[in-house]
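# Close look at the chain arrangement
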Amino acid sequence: MNFSFTRLELPEVILVDVKAFGDARGFFMESYKQSAFDEIILEQFVQDNHSRSAKGVLRGLHFQNPPFAQGKLVRVVRGRILDVAVDIRKGSPNYGKWVSAELSEENRQMLYVPTGFAHGFLTLSDIADVMYKTTAEYAPDCDSGFAWDDPAVGVDWQLEQLEGVSPQLSGKDDVLPPLAEAKNDFVYPEAAS
């Protein structure tokens, strides 16, 4: 099998290892095959995105509320990032908890961030090209997020890896509220009944 799937400490978030076939010419790999993902990831992907970021750029923490909630499958084709997922489902036993994984062009790993989780990343290399699939198209009216440095969540962004470079945020991300004040319509299934 060309893909292996590992559930992280938050079991809905899945680290995907991809097998590459290489020789002196380079390598070949399948970066996605729906039939391989069908049993693990029940959502279908409908949009591909590509971002390029300089070292120290921090994007997040973002999510999209229902009815256009987005699951994401994130991979790095150039450079290295710290990728983060936070459970934002009200009533979840893991509400506000986070996991992270370092994704790079070398390790070729991907991170699946399901709906009900916020997503963000910090660029650790001089440049990083990040490609990700989403399970819903971008819907500005449903777009939301919360502050990357919310002390109630306490993500360890491993800023020491930036070697003196300060995190760079967009104007939008710089004014995001804490999670407790964010527009968040996600409710853990058991809490909704």
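The present account deals with the structure reproduced in this document. Please read these numbers as outputs of a predicted model, since none were measured by experiment.

Reading the values: the criteria
Residues numbered from 1 in each chain as written. Predicted model: local features only at pLDDT ≥ 70, side-chain atom pairs only at ≥ 80, totals over all residues. Heavy atoms only, no water. Pairing = 2+ DSSP bridges. Helix = DSSP H or I, 4+ residues; strand = E, 2+ residues; numbered from the N terminus. Axes fitted to C-alpha atoms, helices over the stretch in contact; angles between N-to-C directions. Buried < 20%, exposed > 50% of the residue type's maximum accessible area, 1.4 Å probe, protein only. Polar contact = N/O pair within 3.5 Å; in protein donor to acceptor, adjacent residues only side chain to side chain. Contact = heavy atoms within 4.5 Å. Salt bridge = Lys/Arg side-chain N within 4 Å of Asp/Glu carboxyl O. Phe/Tyr/Trp six-rings, centres within 6.5 Å; stacked < 30°, edge-to-face > 60°. 1 Å grid on protein atoms, 1.4 Å probe; cavity = no way out; pocket = protein on both sides within 12 Å on 5 of 7 lines; lining within 4 Å. Points joined across faces, edges and corners; volume = space filled by probe spheres on them. Nonpolar A, V, L, I, M, F, W, Y, C, P; charged D, E, K, R; others polar.

### Observations concerning the sheet that holds strand E7 (residues 72-78)
In a beta sheet, neighbouring strands pair by backbone hydrogen bonds and run either parallel or antiparallel. Overall, antiparallel pairing links the six strands, which are arranged E1-E2-E10-E7-E12-E5 in an open sheet. Two strands close off the open sheet at either side, each with one partner strand: strand E1 (3-7) and strand E5 (47-54). Averaged over all neighbouring strand pairs, the angle between strand axes comes to 25°, with direction disregarded. Alignment of E7 against strand E10 (residues 110-113), held across four bridges, turns out to be antiparallel. Bridge pairing in E10 links leucine 73 to tyrosine 112.

### Examining the side chain of histidine 119
Assignment of secondary structure puts histidine 119 in strand E11 (residues 117-123). Among the residues examined, histidine 119 registers a relative accessible area of 4% and is labelled buried. There is a polar contact of 2.6 Å between the side chain of histidine 119 and the side chain of aspartate 83. When sequence neighbours within four positions are dropped, the list of residues in contact with histidine 119 reads Arg59, Gly60, Leu61, His62, Lys72, Val74, Asp83, Val84 and Val113.

### Considerations on the sheet that holds strand E9 (residues 98-104)
One open sheet accounts for five strands, arranged E9-E8-E11-E6-E13; its pairing is antiparallel. For this open sheet the edge positions go to E9 and strand E13 (143-145), each flanked by a neighbour on one side alone. Between one strand axis and the next, the sheet turns through 30° on average, direction left out of account. Judged from the three bridges that link them, strand E6 (residues 58-64) and E13 form a sheet pairing that is antiparallel. Bridge pairing in E13 places histidine 62 opposite glycine 145.

### A few points about the pattern of salt bridges
This model, assessed by the stated rule, comprises 11 salt bridges. Ionic pairing is found between lysine 55 and glutamate 163, a salt bridge with its closest N-O pair at 3.7 Å. Within this pair, whereas lysine 55 is found in the loop between E5 and E6, its partner glutamate 163 is found in the loop between E13 and helix H2 (171-174), the two being separated by 108 residues in sequence. Residue classification places lysine 55 among the buried residues on the basis of a relative accessible area of 18%. Relative accessible area serves as the criterion here: at 66%, glutamate 163 is assigned to the exposed category. Among the ionic pairs, arginine 80 bridges to glutamate 102, the shortest N-O distance being 3.3 Å. Placement of arginine 80 in strand E8 (residues 80-87) and of glutamate 102 in strand E9 is noted, with a sequence separation of 22 residues between them. Relative accessible area serves as the criterion here: at 25%, arginine 80 is assigned to the partly exposed category. Beyond isolated ion pairs, a larger network of salt bridges with shared partners links Glu12, Asp87 and Arg89.

### Focus: the packing of aromatic side chains
Applying the stated rule across the entire model yields six aromatic pairs. Between tyrosine 32 and phenylalanine 45 the ring centres are 5.6 Å apart and the planes differ by 85°, which places this aromatic pair in the edge-to-face class. Of this pair, tyrosine 32 sits in the loop between strand E4 (26-29) and helix H1 (34-37) while phenylalanine 45 is found in the loop between H1 and E5, placing the two residues 13 residues apart along the sequence. The exposure class of tyrosine 32 is partly exposed, given its relative accessible area of 24%. Arranged with centres 6.4 Å apart and planes meeting at 65°, the rings of tryptophan 148 and tryptophan 157 form a pair that is edge-to-face. By the burial criterion, tryptophan 148 is buried, and tryptophan 157 matches it.

### Details of empty space enclosed by the protein
Within the structure shown, the criterion is met by one cavity of 30 Å³ or more. The calculated volume of the largest cavity comes to roughly 30 Å³. Only E6 and E11 provide two or more residues apiece to the lining of the largest cavity. Counting residues per element, the lining of the largest cavity draws most heavily on E6, which supplies three residues. Classifying every residue of the lining of the largest cavity gives three nonpolar, four polar and one charged.

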